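A closer look at the structure
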Amino acid sequence: MNKTMDLQKTASAVFARTPVTDIHTHLFDPAMGPLLLWGIDELLTYHYLVAEVLRARPELGTKTFWAMPKAKQADLVWQELFVKRSPVSEACRGVLTVLKALGLDAPKEDLTKLRKYFRAQKLSSHVERVLQLAGVKCVYMTNDPLNPSEQAAWEKGFARSGRFLAALRLESAIKDWPQGAGALKALGYAVDSSLSGRTLREVRRYLNDWVRRMKARYLSTTLPPEWRYPDIHSSITNLLVKAVIPTARERGLPVALMIGVRKAVNPALGDAGDSVGLADLAALERLALGFSDVTFLVTVLARENLHGLCVAARKFKNIVPFGCWWFLNTTSFIGEITAMRLDLIGLSFIPQHSDSRVLEQLIYKWGHSRCVIAEALAQKYADLAHSAWPVTEANIRRDVAALFDGRLINQRTSIS
Ligand code: RAT
Ligand code: ZN
């Protein structure tokens with residue numbers, strides 16, 4: 001590649017042509033029916049925007065907001081955050097990116113017309129179009145067998161789409177034990193609150209059964225900032241260490257840990273009510289050391305933890321940092337985080353996941369991420385060119401594929 005070559009353009013163009021594997025979303029296989037959220041009302045009532053509209057209307061009671069029908073909530077969000085103010089936040093801009101990509105003229109269309117457009121779509125072709133516009137090859141779902149509607153869909157069975165892969169989510173079963181015990185019992189697992197040997201065996205049986213049934217590719221859970229390892233008094237640590245990790249190891253699957261969320265600090269806000277806290281990464285390092293043949297896909301919620309996570313990954317090859325999670329999924333943070341990861345761990349991380357909850361969000365979450373990740377990569381290639389290292393388009397293609405095709409999920413880590 002000659003020196004005048006515009007690395008930024010090349011990196012962006014390569015990236016635009018590289019289909020990504022989105023390793024964490026809350027989307028569902030279209031065959032699972034209403035579980036897959038899509039359309040303008042869902043986009044506007046995304047919990048990120050709920051938090052923002054309640055700030056715009058501080059006198060409005062949260063209960064009053066939740067009592068409104070979804071379309072009315074969406075009307076309010078549109079009025080307050082798009083009409084009365086400029087929609088500058090990441091989540092607001094995201095809606096505009098989606099509408100533009102779908103060929104809709106947001107400022108000229110009112111919600112009625114936008115609703116009409118979405119109502120006219122046939123879901124199967126709309127899903128394909130959205131994936132194509134987002135440049136996404138396949139997405140991982142977040143699958144919880146203890147969610148009654150999800151359980152019913154799995155038990156009934158459906159023709160799986162190759163685009164929607166499964167990941168078994170663990171909180172409902174193992175967090176705040178023995179809260180999950182009742183639901184496990186109802187499914188026929190002979191657990192009790194004591195975490196005795198039989199209970200652990202039964203939890204493992206539950207995990208094995210559902211990994212098999214869903215063809216789950218990894219097991220995942222969020223963890224609070226207070227999570228520690230070792231910790232003989234903590235039920236979640238005991239369940240992780242004695243049930244989840246042994247099952248993952250036996251089946252050759254990774255465990256995804258999403259650390260640093262403080263759940264329901266403002267319960268009235270529902271999904272929008274969770275907050276952030278600083279994780280103890282020394283606990284993660286001890287876990288990685290103790291289970292050196294298990295891959296841990298790790299994301300953290302606190303910006304202050306990102307550097308420590310890169311350092312931990314340098315020490316433990318079985319830690320794979322992934323994504324810019326939730327409050328860090330904004331263009332300014334993605335740029336900063338990606339540059340730091342490239343500096344510290346080269347190409348051995350998964351730069352982003354979308355966390356989309358509404359189908360069309362794939363378009364903006366990947367659109368916005370692609371721009372800044374391409375910039376961060378281009379800067380690295382410019383540095384290499386400056387050091388007289390030949391940067392070729394083929395090499396850029398190879399690197400971008402390694403970052404985004406999901407291969408790190410399947411990497412095997414041998415015992416140290
Ligand atoms: O980013 C989000 O939408 C959060 O509400 C959570 O879903 C988080 O990503 C999680 O998976 O718990
Ligand atoms: Zn999520």
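Residues numbered from 1 in each chain as written. Chains lettered and ligands numbered in written order. Predicted model: local features only at pLDDT ≥ 70, side-chain atom pairs only at ≥ 80, totals over all residues. Heavy atoms only, no water.

1. Description of the coordination of the zinc ion (ligand 2)
Heads up, the rule is: A donor here means an N, O or S atom no more than 2.8 Å from the metal, or no more than 3.2 Å when the metal is Na, K or Ca. Since water is not included, a site may seem to lack partners. Accessible area is worked out with a 1.4 Å probe on protein chains only. A residue is then buried under 20% of its type maximum, exposed over 50%, and partly exposed in between.
Taken together, H24 (NE2), H26 (NE2) and D355 (OD) make up the full set of protein donors to the zinc ion (ligand 2), lying 2.0 to 2.1 Å away. Each donor residue of the zinc ion (ligand 2) lies on one chain, and together they are spaced H-x1-H-x328-D. What makes H26 buried here is its relative accessible area of 15%.

2. Comments concerning the site of ligand 1
Rules: Consider each residue's heavy atoms; a residue with any of them within 4 Å of a molecule or strand counts as near. As used in this structure description, the phrase polar contact means that two N or O atoms lie within 3.5 Å; if the pair is within protein, one of them must be able to donate a hydrogen and the other to accept it, and residues adjacent in sequence are counted only when both atoms belong to side chains. Only Asp, Glu, Lys and Arg are considered charged, only Ala, Val, Leu, Ile, Met, Phe, Trp, Tyr, Cys and Pro nonpolar, and every remaining residue, Gly among them, polar.
Neighbouring residues of ligand 1: H24, H26, H47, Y48, R169, T222, M258, W325, W326, D355 and R357. Contacts to ligand 1 include H26, whose side-chain N or O atom sits 2.8 Å from an oxygen atom. Here an oxygen atom of ligand 1 sits 2.7 Å away from a polar atom, N or O, in the side chain of R169. Each residue belonging to the shell around ligand 1 can be placed in one class, and the counts come to four nonpolar, four polar and three charged.

3. Looking at the side chain of Q151
Note the cut-off: Secondary structure elements follow DSSP: runs of H or I no shorter than four residues count as helices, runs of E no shorter than two count as strands, and numbering proceeds from the N terminus. We call two residues contacting when some pair of their heavy atoms lies within 4.5 Å.
Residue placement: Q151 occurs in helix α9 (residues 148-156). Within the local environment of Q151, its side chain forms a polar contact with the backbone oxygen of P145, the two atoms lying 2.8 Å apart. For Q151, the residues in contact, after removing those within four places along its chain, are P145, L146, L187 and W210.

4. Side note on the packing of helix α17 (residues 361-386) against helix α18 (residues 393-404)
How we decide: Each axis is a line fitted through C-alpha atoms, taken for helices only over the stretch in contact, and angles between the N-to-C directions span 0 to 180 degrees. Any angle from 65 to 115 degrees is called roughly perpendicular, while one under 35 is roughly parallel, one over 145 is roughly antiparallel, and all others are oblique. The hand of a helix crossing depends on one turn: near helix anticlockwise from the far one by less than a right angle means left-handed, and clockwise means right-handed.
Direction vectors running N to C along α17 and α18 enclose 130 degrees, while the axes themselves pass 12 Å from each other. In this view, α17 runs oblique relative to α18, as classed from their interaxial angle. For the element pair α17 and α18, the recorded crossing hand is right-handed. Within the contact between the two elements, α17 uses W366, I373, L377 and Y381 and α18 uses N395, I396, D399, V400, L403 and F404. Classifying every residue of the contact of α17 with α18 gives eight nonpolar, one polar and one charged.

5. Observations concerning the pattern of salt bridges
Counted only if it meets this: Criterion for a salt bridge: a side-chain nitrogen of Lys or Arg within 4 Å of a carboxyl oxygen of Asp or Glu.
One pass over the structure, following the stated rule, counts 29 salt bridges. Across the pair K84 and E80 runs a salt bridge whose closest N-O atoms are separated by 2.9 Å. Looking at K84, the relative accessible area reads 56%, which means it is exposed. A residue is classified by how much of its surface remains accessible, and E80, at 2% relative accessible area, is buried. Linking R93 and E90 is a salt bridge whose minimum nitrogen-to-oxygen distance equals 3.9 Å. Taken as a pair, R93 and E90 lie in helix α6 (residues 90-101) at a separation of three residues, close to a single helical turn.

6. A few points about the packing of aromatic side chains
The way to describe two aromatic rings as a pair is by their centre distance and the angle between their planes. Let me state the cut-off plainly: Whether two aromatic rings pair depends on their centres lying within 6.5 Å, for rings of Phe, Tyr and Trp, where Trp uses its six-membered ring; planes under 30 degrees apart make the pair stacked, over 60 edge-to-face, and the rest tilted. Two limits define a charge over a ring: the Lys NZ or Arg CZ must be within 6 Å of the ring centre, and within 35 degrees of the ring normal.
Tallying each qualifying case throughout the model produces twelve aromatic pairs. For the ring pair Y189 and Y206, a centre distance of 5.6 Å and an interplane angle of 80 degrees mean the geometry is edge-to-face. A residue pair is termed long-range when its members are at least 10 positions apart, and Y189 in the loop between α11 (181-186) and α12 (197-214) and Y206 in helix α12 qualify at 17 residues. Each member of the pair, Y189 as well as Y206, is classed as buried. Taken together, the aromatic side chains of F15, W366 and F404 make up a single cluster linked through ring pairs. Above the ring of W210, the side-chain terminus of R213 is found at 4.7 Å from the ring centroid.

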